[in-house]
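Analysis of the macromolecular model
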Amino acid sequence: MTADIAPGVASVEASRGRLVRGLAARLGVLDHVALALLLVLAAALVAPALLTPFGPLAADKAHILAAPSAQHWLGTDYLGRDVWSRIVYGARATLLGSAVAVVVGLVVGTALGILAATAGGVVDAVISRVVDALLSIPGLLLAMVVVVSLGFGSLNAAIAVGVSSVATFTRVMRSEALTVKNLTFVEASGHIGGRPRYVLRRHILPNSFSAVLSLSSLQFGIAILWISALSFLGYGAPPPQPEWGLLVSEGRQYITSSSWLVIAPSVAIALTVWAINRLSSTARMGHDHG
Amino acid sequence: MLSLGYMLRRALQSIAVMAIVYALTFLALFVLPGDPIENKISNPVNPLPQATADGLRAYYSTDQPAIVQFVLYLARLLHGDLGYSLTNGKSVAALVGQALAQTITLAALALAFTVLFALGIALVATFARSRLVRELARAVPVLSISAPSFLVGYVLIAVFSFRLGWVSSITDQGFVSLILPAVTLAFASSGSLAQVLIQGLSSARSQPFVTVLTAKGVAPSGIVVRHVLKNGAIPSMTLLALIVGDLLAGSVIVETVFNRTGLGYFTYTSVRDQDTPTIEAIVLLISAIYLSINLVTDLAYAAIDPRIALAAGGPRRGSARRRAEVPA
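Residues numbered from 1 in each chain as written. Chains lettered and ligands numbered in written order. Predicted model: local features only at pLDDT ≥ 70, side-chain atom pairs only at ≥ 80, totals over all residues. Heavy atoms only, no water.

Quick word on the overall build of chain B
Tallying secondary structure elements over chain B gives 16 helices and zero strands in all. Expressed as a percentage of the 328 residues in chain B, the buried residues total 48%. Of the roughly 15200 Å² that chain B leaves accessible, carbon and sulfur atoms contribute 68%. (Helix = DSSP H or I, 4+ residues; strand = E, 2+ residues; numbered from the N terminus. Buried < 20%, exposed > 50% of the residue type's maximum accessible area, 1.4 Å probe, protein only. Areas by Shrake-Rupley, 256 points an atom, 1.4 Å probe, with all protein chains shown as cover.)

A look at the packing of helix α3 (residues 83-119) of chain A against helix α6 (residues 154-181) of chain A
Contact pair α3 of chain A / α6 of chain A: the axes reach a minimum separation of 5 Å and the direction vectors enclose 35 degrees. The crossing of α3 of chain A and α6 of chain A is right-handed. (Axes fitted to C-alpha atoms, helices over the stretch in contact; angles between N-to-C directions. Left-handed = near helix turned anticlockwise from the far one by under 90°.)

Some thoughts on the packing of aromatic side chains
On inspection of all chains with the given rule, the structure shows 11 aromatic pairs over all chains. Aromatic pair Tyr265 of chain B and Tyr268 of chain B: ring centres 6.0 Å apart, planes at 45 degrees, arrangement tilted. Highlighted residues: Tyr265 of chain B and Tyr268 of chain B, both in helix α13 (residues 263-272), separated by three residues, approximately one helical turn. You can call Tyr268 of chain B buried: its relative accessible area is 16%. Among the aromatic residues, ring-to-ring pairing joins Phe152 and Tyr235 of chain A together with Tyr265 and Tyr268 of chain B into one connected group. (Phe/Tyr/Trp six-rings, centres within 6.5 Å; stacked < 30°, edge-to-face > 60°.)

With respect to empty space enclosed by the protein
Tallying each qualifying case throughout the model produces five cavities of 30 Å³ or more. By volume, the largest cavity amounts to about 1100 Å³. Lining the largest cavity we find 46 residues, and of these Gly139, Ile222 and Trp226 of chain A together with Ala188 and Asp246 of chain B sit closest to its centre. Among the elements that take part in the lining of the largest cavity, helix α12 (residues 239-257) of chain B stands out by supplying 10 residues, more than any other. Tallied by class, residues from the lining of the largest cavity come to 28 nonpolar, 15 polar and three charged. Considering only enclosed or pocket space, the second largest cavity measures out at about 80 Å³ in volume. (1 Å grid on protein atoms, 1.4 Å probe; cavity = no way out; pocket = protein on both sides within 12 Å on 5 of 7 lines; lining within 4 Å. Points joined across faces, edges and corners; volume = space filled by probe spheres on them. Nonpolar A, V, L, I, M, F, W, Y, C, P; charged D, E, K, R; others polar.)

Side note on helix α10 (residues 220-232) of chain B
An α-helical turn contains 3.6 residues, so a residue and the one three or four places further along point in the same direction. Along its 13 residues, α10 of chain B runs just 16 Å from first to last C-alpha, ending more than 12% under the 18 Å computed at 1.5 Å per residue. Contacts from the buried residues of α10 of chain B go to α5 (92-127), α8 (175-205), α9 (208-216) and α11 (234-237) of chain B. (Expected span 1.5 Å × (residues − 1). Contact = heavy atoms within 4.5 Å.)

Regarding α8 of chain B
Compared with the 45 Å implied by 1.5 Å per residue over 31 residues, the 39 Å span of α8 of chain B between its first and last C-alpha is markedly short. The principal kink in α8 of chain B, of about 40 degrees, is found at Ser190 of chain B. (Bend = angle between axes of the 7 residues up to and from the residue.)

A word on the pattern of salt bridges
Applying the stated criterion to the full structure yields seven salt bridges over all chains. Notably, a salt bridge pairs Arg278 of chain A with Asp31 of chain A, separated by 2.9 Å at the nearest N-O pair. With Arg278 of chain A in helix α10 (residues 260-285) and Asp31 of chain A in helix α2 (residues 29-46), this residue pair connects regions lying 247 residues apart in the sequence. Of the two residues examined, Arg278 of chain A and Asp31 of chain A, each falls in the buried class. Residue Arg131 of chain B pairs with Glu135 of chain B through a salt bridge whose shortest N-O separation is 3.7 Å. One end of the pair, Arg131 of chain B, and the other, Glu135 of chain B, are both in helix α6 (residues 131-146), four residues apart, so they sit about a helical turn from each other. Take Arg131 of chain B: its relative accessible area is 55%, and that puts it in the exposed class. A relative accessible area of 32% places Glu135 of chain B in the partly exposed class. (Salt bridge = Lys/Arg side-chain N within 4 Å of Asp/Glu carboxyl O.)

Some points on the confidence of the model for chain A
Summary statistics for chain A give a mean pLDDT of 84 and a share of 89% for residues scoring 70 or more. Low pLDDT, under 50, characterises residues 1-10 of chain A; the stretch is placed with one contact to residues that sit more than four places away or in other chains. (pLDDT = per-residue confidence, 0-100.)

Observations regarding the packing of α3 of chain A against helix α4 (residues 121-135) of chain A
Residues and elements named next belong to chain A. Axis separation between α3 and α4 bottoms out at 7 Å; the angle between their running directions is 140 degrees. By the angle class used here, α3 and α4 are oblique. Relative to α4, the crossing made by α3 is left-handed. Of α4, the residues touching α3 (which contributes Leu112, Leu115, Ala116 and Ala119) are Gly121, Val123, Asp124 and Ile127. (Parallel < 35°, antiparallel > 145°, perpendicular 65-115°, else oblique.)

Here we look at the environment of Val176 of chain B
All names here are of chain B. Within the secondary structure, Val176 sits in helix α8. Relative accessible area serves as the criterion here: at 37%, Val176 is assigned to the partly exposed category. Separated by 116 residues in sequence, Val176 and Tyr60 have C-alpha atoms that sit 43 Å apart.

Structural notes on a nonpolar patch on the surface
Residues and elements named next belong to chain A. There is a patch of nonpolar side chains on the surface, built from Val103, Val107, Val108, Leu112, Leu115 and Val123 and spanning about 440 Å² of accessible area. In terms of residue count, α3 provides more of the nonpolar patch than any other element does, five residues in total. Counting through the fold element by element, Leu112 comes out in helix α3. (Patch = residues over 30% accessible without salt bridge, like charges linked within 9 Å, V, L, I, M, F, W, Y side chains within 5 Å.)

Re the interface of chain A and chain B
At the interface, 48 residues of chain A touch 51 residues of chain B. Summed over the shared surface of chain A and chain B, the result is zero salt bridges. Scanning the region where chain A abuts chain B turns up six residue pairs in polar contact (both at pLDDT 80 or more). Elements with a contribution of two residues or more to the side of chain A that touches chain B: α4, α5 (139-150), α6, α8 (196-232) and α10 of chain A. Counting residues per element, the side of chain A that touches chain B draws most heavily on α10 of chain A, at 13 residues. (Polar contact = N/O pair within 3.5 Å; in protein donor to acceptor, adjacent residues only side chain to side chain.)

Here it is in structure tokens:
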């Protein structure tokens, strides 16, 4: 069994090396900016205290609704809490929520797509029609339906966003698996005695998974937008939790006098999603795509 | 020529998908979490008058099993009866109709802006003389699909309402008040359309017929407007249904940001109050709009290109939609 696995591992590593070198050659200026942004985000996830001296809930009564300054980079909110720290600490809730959403969509969607492609017949027809139905509902609306069904809260909002992306994953996985299934070498593997489950695990899944993975990075960006939209509307994380969409909605009342309360967390969302989208499209087609 | 059989089959397919949408949302809203209707009616926080509560209970037959409620609701739906709101006991059809009427002008204007933005960006990105300008234009769609609509909305409010004082952010000034929300909606939805247009334009531009036209002495602007644009715009037609659906769903955020009432605001309050019959009606409405636009564009395609009607289903639909999701 080990002899069987070793060449596969070696080739995976070689292709990974090629991928990394290929990526480095493809990076443009904007890609480096995006990469730097993601590094800051990673720091915010792992060690938020490194990026800010203030706690996300620490209220500074002397500086309520203070404008951005050297001490409070992005100003303070109506309780005197530092906006920059709330954004830094809020990265965890938003990004973890999006990760949950992508995992839900990826796992359920891949399973359904593989099932549809390999089972065929009635199963395929039923899954495909359900996918059609789900795709006819705009994603944000579908997420709201699911969140009504599950109840409000940050985990439920994440699951809802995941459920609303299942159809997209299923469709891509199904069409990829169908293509791979009919390749000559996959058919040959079956003819020389490979059991269906072996062929599926050894050939169909690895060869059709790259399309689904590149879809995941795209869906991760969308998940961030939808989760923050849900919490902006008040269906997600409850206050006083620092969550990006919630920060925006808390700042709404002060838009006239203290616009940074709304603009700063919104910009954080936009930059994060942009960095992810930018790098995922660079990985696919090189940096001159725009 | 479009065969009657194909049209009929596509129409039936849409109706079947609609039925699945109904069944799925019913499952999610009415069956999964206990008994939302009973919970809602007997909610002590927001008490309904006894007569209204009894009326709603009798109407939704909350004492019957879920499958009976499902059939009952479906039978009423087929007669055009969408039920009664759980928050105030009013007719859902009337409430949704009222909300849609307020949003339809906004959505139409936003659609016009979407096409305008996308076309402008795609033309600049493909045909601008300077390489830098082309590159900048190509970076815009990724930006627009990455920015949350509340960011765009609040920046517009901060600039045009507070700084310049051109538009009031509170009072409704008729058409003028529509412009900022429409721009906000259009900015978000123009991204994917611009990406598909850019791809369509650059592939149409390198077709042999362009060389032929140039050789024949047709002016470059004539080639672009009359030939390249026409060919490059075809794949983006399929995005139309998706964009309209997104505009209607996106109005949830935009109407909240701009303090407008309409379908988006109505969706927001219905979800907040867990008013399941109205949510069900909104989902059915938006999905019906999506499916009808899709049906019309598919049939239009088949009329233009008979090969599509011969190959069963709508193969163009899947491929164009998939392309749309890839930020280029």
